[in-house]
Amino acid sequence: MFKQIKFTGVQALTLVITISFVTSILIVAQGFPILSSVGQQSLIFDILIAGIFRDGGPFIVSFIILARSGTAITTELGNMVVNKEIDALNAMGISIISYLVVPRVVGMFLSVIILMSYFMVSGLVSSFVTASMFNHMPLSSFTNGLLDKLTLLDFIIMSSKVSLSALIVALITCYHGLKVEQATTEVPQRNIKAVGQSVFSICFIHLCLTSAMIIH
(Lines give C-alpha, C1' and ligand atoms only; values in the text may rest on other atoms or scores of the structure.)
Protein backbone atom coordinates (compact mmCIF):
# COMPACT_ATOMS: atom_id res chain seq x y z
CA MET A 1 0.00 0.00 0.00
CA PHE A 2 2.81 2.41 0.86
CA LYS A 3 4.51 1.61 -2.44
CA GLN A 4 1.28 2.46 -4.22
CA ILE A 5 1.00 5.74 -2.29
CA LYS A 6 4.61 6.59 -3.12
CA PHE A 7 4.15 5.87 -6.82
CA THR A 8 0.75 7.54 -7.19
CA GLY A 9 0.72 10.24 -4.55
CA VAL A 10 4.37 11.27 -4.24
CA GLN A 11 6.10 10.66 -7.56
CA ALA A 12 3.27 12.39 -9.44
CA LEU A 13 3.48 15.58 -7.38
CA THR A 14 5.77 17.37 -9.83
CA LEU A 15 3.39 16.71 -12.71
CA VAL A 16 0.31 17.75 -10.74
CA ILE A 17 1.89 20.93 -9.40
CA THR A 18 3.14 21.91 -12.87
CA ILE A 19 -0.26 21.44 -14.49
CA SER A 20 -2.00 23.29 -11.66
CA PHE A 21 0.54 26.12 -11.84
CA VAL A 22 0.16 26.59 -15.59
CA THR A 23 -3.64 26.25 -15.54
CA SER A 24 -4.06 28.87 -12.83
CA ILE A 25 -1.74 31.33 -14.53
CA LEU A 26 -3.63 30.98 -17.81
CA ILE A 27 -7.00 31.48 -16.09
CA VAL A 28 -5.93 34.70 -14.36
CA ALA A 29 -3.71 36.09 -17.12
CA GLN A 30 -6.30 35.55 -19.84
CA GLY A 31 -9.52 35.96 -17.90
CA PHE A 32 -8.86 38.97 -15.71
CA PRO A 33 -8.25 41.52 -18.52
CA ILE A 34 -11.36 40.36 -20.37
CA LEU A 35 -13.55 40.50 -17.28
CA SER A 36 -12.09 43.87 -16.27
CA SER A 37 -13.01 45.34 -19.65
CA VAL A 38 -16.69 44.61 -18.95
CA GLY A 39 -16.56 45.50 -15.25
CA GLN A 40 -16.96 41.94 -13.97
CA GLN A 41 -13.63 41.37 -12.22
CA SER A 42 -15.25 39.37 -9.42
CA LEU A 43 -16.18 36.62 -11.87
CA ILE A 44 -12.52 35.57 -11.97
CA PHE A 45 -13.03 33.93 -8.58
CA ASP A 46 -15.95 31.88 -9.92
CA ILE A 47 -13.75 30.73 -12.77
CA LEU A 48 -10.89 29.87 -10.40
CA ILE A 49 -13.20 27.87 -8.15
CA ALA A 50 -14.57 25.95 -11.13
CA GLY A 51 -11.13 25.45 -12.66
CA ILE A 52 -9.23 24.50 -9.52
CA PHE A 53 -11.67 23.23 -6.91
CA ARG A 54 -14.92 22.00 -8.35
CA ASP A 55 -14.49 20.82 -11.94
CA GLY A 56 -11.13 21.26 -13.63
CA GLY A 57 -8.90 20.14 -10.77
CA PRO A 58 -10.70 16.86 -9.95
CA PHE A 59 -10.98 16.04 -13.66
CA ILE A 60 -7.26 16.58 -14.28
CA VAL A 61 -6.18 14.67 -11.17
CA SER A 62 -8.47 11.76 -12.05
CA PHE A 63 -6.94 11.41 -15.49
CA ILE A 64 -3.42 11.69 -14.09
CA ILE A 65 -3.95 8.75 -11.74
CA LEU A 66 -5.50 6.77 -14.58
CA ALA A 67 -2.68 7.51 -17.02
CA ARG A 68 0.13 6.93 -14.52
CA SER A 69 -1.12 4.47 -11.92
CA GLY A 70 -4.13 2.79 -13.47
CA THR A 71 -2.26 1.51 -16.49
CA ALA A 72 0.65 0.48 -14.27
CA ILE A 73 -1.65 -1.58 -12.04
CA THR A 74 -3.18 -3.43 -14.99
CA THR A 75 0.24 -4.13 -16.48
CA GLU A 76 1.74 -5.27 -13.20
CA LEU A 77 -1.09 -7.60 -12.26
CA GLY A 78 -1.36 -8.92 -15.82
CA ASN A 79 2.33 -9.79 -15.87
CA MET A 80 1.98 -11.48 -12.49
CA VAL A 81 -0.73 -13.70 -13.95
CA VAL A 82 1.39 -14.56 -16.99
CA ASN A 83 4.42 -15.33 -14.82
CA LYS A 84 2.31 -17.65 -12.61
CA GLU A 85 2.88 -15.47 -9.54
CA ILE A 86 -0.86 -15.37 -8.89
CA ASP A 87 -0.98 -19.19 -8.98
CA ALA A 88 1.89 -19.30 -6.51
CA LEU A 89 0.07 -16.99 -4.10
CA ASN A 90 -3.09 -19.09 -4.40
CA ALA A 91 -1.06 -22.24 -3.73
CA MET A 92 0.28 -20.68 -0.53
CA GLY A 93 -3.24 -19.83 0.57
CA ILE A 94 -2.76 -16.05 0.25
CA SER A 95 -5.87 -14.10 -0.71
CA ILE A 96 -5.36 -12.21 -3.97
CA ILE A 97 -7.98 -9.65 -3.00
CA SER A 98 -6.53 -8.77 0.41
CA TYR A 99 -2.88 -9.02 -0.66
CA LEU A 100 -2.93 -7.39 -4.11
CA VAL A 101 -6.22 -5.57 -4.74
CA VAL A 102 -7.06 -3.91 -1.42
CA PRO A 103 -3.62 -2.23 -0.93
CA ARG A 104 -3.80 -0.80 -4.43
CA VAL A 105 -7.36 0.48 -4.01
CA VAL A 106 -6.65 2.03 -0.60
CA GLY A 107 -3.32 3.42 -1.79
CA MET A 108 -4.88 5.11 -4.80
CA PHE A 109 -7.73 6.50 -2.68
CA LEU A 110 -5.28 8.10 -0.21
CA SER A 111 -2.99 9.26 -3.00
CA VAL A 112 -5.71 11.15 -4.82
CA ILE A 113 -6.38 13.16 -1.65
CA ILE A 114 -2.70 14.12 -1.53
CA LEU A 115 -2.61 15.05 -5.21
CA MET A 116 -5.81 17.11 -5.03
CA SER A 117 -4.53 18.99 -1.99
CA TYR A 118 -1.32 19.93 -3.76
CA PHE A 119 -3.25 20.85 -6.90
CA MET A 120 -5.38 23.30 -4.91
CA VAL A 121 -2.45 24.83 -3.02
CA SER A 122 -0.34 25.23 -6.15
CA GLY A 123 -3.28 26.67 -8.08
CA LEU A 124 -4.11 29.22 -5.41
CA VAL A 125 -0.50 30.35 -4.99
CA SER A 126 0.14 30.70 -8.72
CA SER A 127 -3.18 32.48 -9.33
CA PHE A 128 -2.49 34.98 -6.55
CA VAL A 129 1.06 35.63 -7.79
CA THR A 130 -0.27 36.21 -11.31
CA ALA A 131 -3.06 38.50 -10.09
CA SER A 132 -0.59 40.41 -7.94
CA MET A 133 2.03 40.85 -10.65
CA PHE A 134 -0.16 41.75 -13.59
CA ASN A 135 -3.25 43.23 -11.95
CA HIS A 136 -1.78 44.61 -8.69
CA MET A 137 -4.27 42.74 -6.53
CA PRO A 138 -3.36 42.66 -2.81
CA LEU A 139 -3.52 39.43 -0.83
CA SER A 140 -6.47 40.63 1.27
CA SER A 141 -8.59 41.39 -1.79
CA PHE A 142 -7.71 38.04 -3.38
CA THR A 143 -8.48 36.10 -0.18
CA ASN A 144 -11.74 37.91 0.54
CA GLY A 145 -12.94 37.58 -3.04
CA LEU A 146 -12.19 33.86 -3.09
CA LEU A 147 -13.77 33.14 0.29
CA ASP A 148 -16.91 35.05 -0.68
CA LYS A 149 -17.44 32.72 -3.65
CA LEU A 150 -16.16 29.45 -2.18
CA THR A 151 -18.76 27.28 -0.42
CA LEU A 152 -18.83 24.02 1.48
CA LEU A 153 -20.68 22.43 -1.42
CA ASP A 154 -17.68 23.08 -3.67
CA PHE A 155 -15.48 21.04 -1.34
CA ILE A 156 -18.05 18.26 -1.10
CA ILE A 157 -18.37 18.02 -4.88
CA MET A 158 -14.60 18.11 -5.32
CA SER A 159 -13.99 15.41 -2.70
CA SER A 160 -16.72 13.19 -4.10
CA LYS A 161 -15.40 13.46 -7.65
CA VAL A 162 -11.79 12.58 -6.87
CA SER A 163 -12.65 9.89 -4.30
CA LEU A 164 -15.17 8.05 -6.48
CA SER A 165 -12.94 8.37 -9.54
CA ALA A 166 -9.96 6.93 -7.67
CA LEU A 167 -11.97 3.99 -6.35
CA ILE A 168 -13.51 3.20 -9.73
CA VAL A 169 -10.19 3.46 -11.58
CA ALA A 170 -8.44 1.23 -9.04
CA LEU A 171 -11.16 -1.42 -9.18
CA ILE A 172 -11.42 -1.44 -12.97
CA THR A 173 -7.67 -1.63 -13.53
CA CYS A 174 -7.23 -4.37 -10.92
CA TYR A 175 -10.06 -6.35 -12.46
CA HIS A 176 -8.63 -6.23 -15.97
CA GLY A 177 -5.13 -6.98 -14.74
CA LEU A 178 -6.32 -10.16 -13.05
CA LYS A 179 -8.43 -11.14 -16.06
CA VAL A 180 -5.29 -11.76 -18.12
CA GLU A 181 -5.06 -15.52 -18.72
CA GLN A 182 -1.88 -16.79 -20.36
CA ALA A 183 -0.29 -14.73 -23.12
CA THR A 184 1.64 -11.50 -22.62
CA THR A 185 -0.23 -10.07 -25.62
CA GLU A 186 -3.34 -9.95 -23.45
CA VAL A 187 -1.77 -7.35 -21.16
CA PRO A 188 -1.95 -4.38 -23.59
CA GLN A 189 -5.41 -5.51 -24.69
CA ARG A 190 -6.63 -5.46 -21.10
CA ASN A 191 -4.94 -2.10 -20.61
CA ILE A 192 -6.91 -0.63 -23.48
CA LYS A 193 -10.18 -1.99 -22.08
CA ALA A 194 -9.34 -0.74 -18.59
CA VAL A 195 -8.52 2.76 -19.85
CA GLY A 196 -11.66 2.94 -21.97
CA GLN A 197 -13.95 1.87 -19.14
CA SER A 198 -12.17 4.13 -16.65
CA VAL A 199 -12.46 7.18 -18.90
CA PHE A 200 -16.17 6.54 -19.34
CA SER A 201 -16.60 6.06 -15.58
CA ILE A 202 -14.70 9.25 -14.73
CA CYS A 203 -16.74 11.30 -17.18
CA PHE A 204 -19.98 9.76 -15.92
CA ILE A 205 -19.13 10.47 -12.26
CA HIS A 206 -18.17 14.07 -12.97
CA LEU A 207 -21.22 14.64 -15.15
CA CYS A 208 -23.61 13.27 -12.51
CA LEU A 209 -22.10 15.27 -9.65
CA THR A 210 -21.94 18.47 -11.69
CA SER A 211 -25.57 18.00 -12.75
CA ALA A 212 -26.57 17.40 -9.14
CA MET A 213 -24.90 20.64 -8.10
CA ILE A 214 -26.62 22.59 -10.89
CA ILE A 215 -29.99 21.18 -9.86
CA HIS A 216 -29.27 22.04 -6.23
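Each remark here, short or long, concerns the structure printed above.
Definitions and limits used
Residues numbered from 1 in each chain as written. Predicted model: local features only at pLDDT ≥ 70, side-chain atom pairs only at ≥ 80, totals over all residues. Heavy atoms only, no water. Helix = DSSP H or I, 4+ residues; strand = E, 2+ residues; numbered from the N terminus. Buried < 20%, exposed > 50% of the residue type's maximum accessible area, 1.4 Å probe, protein only. Contact = heavy atoms within 4.5 Å. Areas by Shrake-Rupley, 256 points an atom, 1.4 Å probe, with all protein chains shown as cover. Phe/Tyr/Trp six-rings, centres within 6.5 Å; stacked < 30°, edge-to-face > 60°. Axes fitted to C-alpha atoms, helices over the stretch in contact; angles between N-to-C directions. Left-handed = near helix turned anticlockwise from the far one by under 90°. Nonpolar A, V, L, I, M, F, W, Y, C, P; charged D, E, K, R; others polar. Parallel < 35°, antiparallel > 145°, perpendicular 65-115°, else oblique. Core = buried A, V, L, I, M, F, W, Y, C linked by side-chain atoms within 4.5 Å. Patch = residues over 30% accessible without salt bridge, like charges linked within 9 Å, V, L, I, M, F, W, Y side chains within 5 Å. Salt bridge = Lys/Arg side-chain N within 4 Å of Asp/Glu carboxyl O. Arc of directions from axis to C-beta.

## Things to note about the overall build of the chain
Part 1 of the argument: Scanning the chain from N- to C-terminus turns up nine helices and zero strands.
Part 2 of the argument: Listing the helices and strands of the chain from first to last along the sequence gives α-α-α-α-α-α-α-α-α.
Part 3 of the argument: For the chain, with 216 residues in total, the buried portion stands at 43%.
Part 4 of the argument: For the chain, the share of sequence-separated contacts (at least 6 apart) that also reach a separation of at least 24 residues comes to 82%.
Part 5 of the argument: In the form shown here, the chain has an accessible surface area of approximately 10900 Å², with 70% of it arising from carbon and sulfur atoms.

## Some thoughts on the packing of aromatic side chains
Aromatic ring pairs are defined here through the distance separating the ring centres and the angle between the ring planes.
Part 1 of the argument: Taken as a whole, this structure holds five aromatic pairs when the rule is applied.
Part 2 of the argument: Within the aromatic cluster, the residues linked to one another by ring pairs are Phe45, Phe128 and Phe142.

## Re the packing of helix H1 (residues 2-10) against helix H6 (residues 96-135)
Part 1 of the argument: Interhelical geometry of H1 versus H6 gives an angle of 30 degrees and a closest axis separation of 8 Å. Remark: the crossing between H1 and H6 carries right-handed chirality. For the pair formed by H1 and H6, the contact residues are Gln4, Ile5, Thr8 and Gly9 on the first element and Pro103, Arg104, Gly107, Met108, Leu110, Ser111, Ile114 and Leu115 on the second.
Part 2 of the argument: For the contact of H1 with H6, a count of residues per class yields six nonpolar, five polar and one charged.

## What to know about the packing of helix H4 (residues 56-82) against H6
In helix packing, the relevant descriptors are the interaxial angle and the interaxial distance, both defined with respect to the helix axes.
Part 1 of the argument: Packing of H4 against H6 brings their axes to within 10 Å, and their N-to-C directions diverge by 155 degrees. Comparing their axes, H6 and H4 come out roughly antiparallel. Taken as a pair, H4 and H6 cross one another with a handedness that is right-handed. For the pair H4 and H6, the contacting residues are Gly57, Pro58, Ile60, Val61, Ile65, Ser69, Gly70, Ile73, Glu76, Leu77 and Met80 in the first and Leu100, Arg104, Met108, Val112, Leu115, Met116 and Phe119 in the second.
Part 2 of the argument: Among the residues making up the contact of H4 with H6, the classes are represented as 13 nonpolar, three polar and two charged.

## Some points on the nonpolar core
Part 1 of the argument: In terms of nonpolar packing, the biggest core is built from 48 residues, with Phe53, Leu100, Met108, Leu115, Met116 and Phe142 touching the most fellow members.
Part 2 of the argument: Elements supplying a minimum of two residues to this core: helix H2 (13-37), helix H3 (43-54), H4, helix H5 (85-91), H6, helix H7 (139-149), helix H8 (152-178) and helix H9 (186-215).
Part 3 of the argument: By residue number, the principal contributor to this core is H6, which donates 11 residues.
Part 4 of the argument: Ignoring anything within four residues of it in the chain, the contact list for leucine 100 reads Leu77, Met80, Ile86, Leu89 and Ser95.

## Side note on H3
Part 1 of the argument: Counting buried positions along H3 yields nine of 12 residues, so the element is predominantly enclosed.
Part 2 of the argument: Those residues of H3 that sit buried are Ile44, Phe45, Leu48, Ile49, Ala50, Gly51, Ile52, Phe53 and Arg54.
Part 3 of the argument: Where H3 is buried, its residues contact H2, H4, H6, H7, H8 and H9.

## Comments concerning the side chain of lysine 161
Part 1 of the argument: Within the secondary structure, lysine 161 is located in helix H8.
Part 2 of the argument: Discounting residues that sit within four places of it in the chain, lysine 161 has contacts with Arg54, Asp55, Pro58, Ser62, Ile205, His206, Leu209 and Thr210.

## Quick notes on a nonpolar patch on the surface
Part 1 of the argument: A surface patch of nonpolar side chains, amounting to about 610 Å² of accessible area, comprises Met1, Phe2, Ile97, Val102, Val106, Leu110 and Ile113.
Part 2 of the argument: When you line up the elements, methionine 1 lands in the segment before H1.

## A short note on H7
Residues lying three or four places apart along an α-helix face the same way, a consequence of the helix completing one turn every 3.6 residues.
Part 1 of the argument: Residues of H7 that are buried include every one of Phe142, Gly145 and Leu146, and no others. Take H7 and look down its axis: the buried residues cluster within an arc of 95 degrees, on one side only. Exposed residues on H7 whose side chains face more than 90 degrees from its buried face are Leu147 and Asp148.
Part 2 of the argument: Where H7 is buried, its residues touch H3 and H6.

## Brief notes about the pattern of salt bridges
Part 1 of the argument: Enumeration according to the criterion identifies five salt bridges in this entry.
Part 2 of the argument: Residue aspartate 55 is joined to arginine 54 by a salt bridge in which the shortest nitrogen-to-oxygen separation is 3.5 Å.
Part 3 of the argument: For arginine 54, a relative accessible area of 18% gives the class buried.
Part 4 of the argument: Of the charged contacts, one joins aspartate 55 and lysine 161 as a salt bridge, the two residues approaching to 2.7 Å between their closest N and O atoms. Residue aspartate 55 is located in the loop between H3 and H4, and its partner lysine 161 is located in helix H8; the two are separated by 106 residues in the primary sequence.
Part 5 of the argument: Overall, aspartate 55 belongs to the partly exposed group, its relative accessible area being 24%.
Part 6 of the argument: Judged by its relative accessible area of 1%, lysine 161 is buried.
Part 7 of the argument: Here the salt bridges do not stand alone but share partners, grouping Arg54, Asp55, Asp154 and Lys161 into one network.

In short, shape yes, function no, at least from these values alone.
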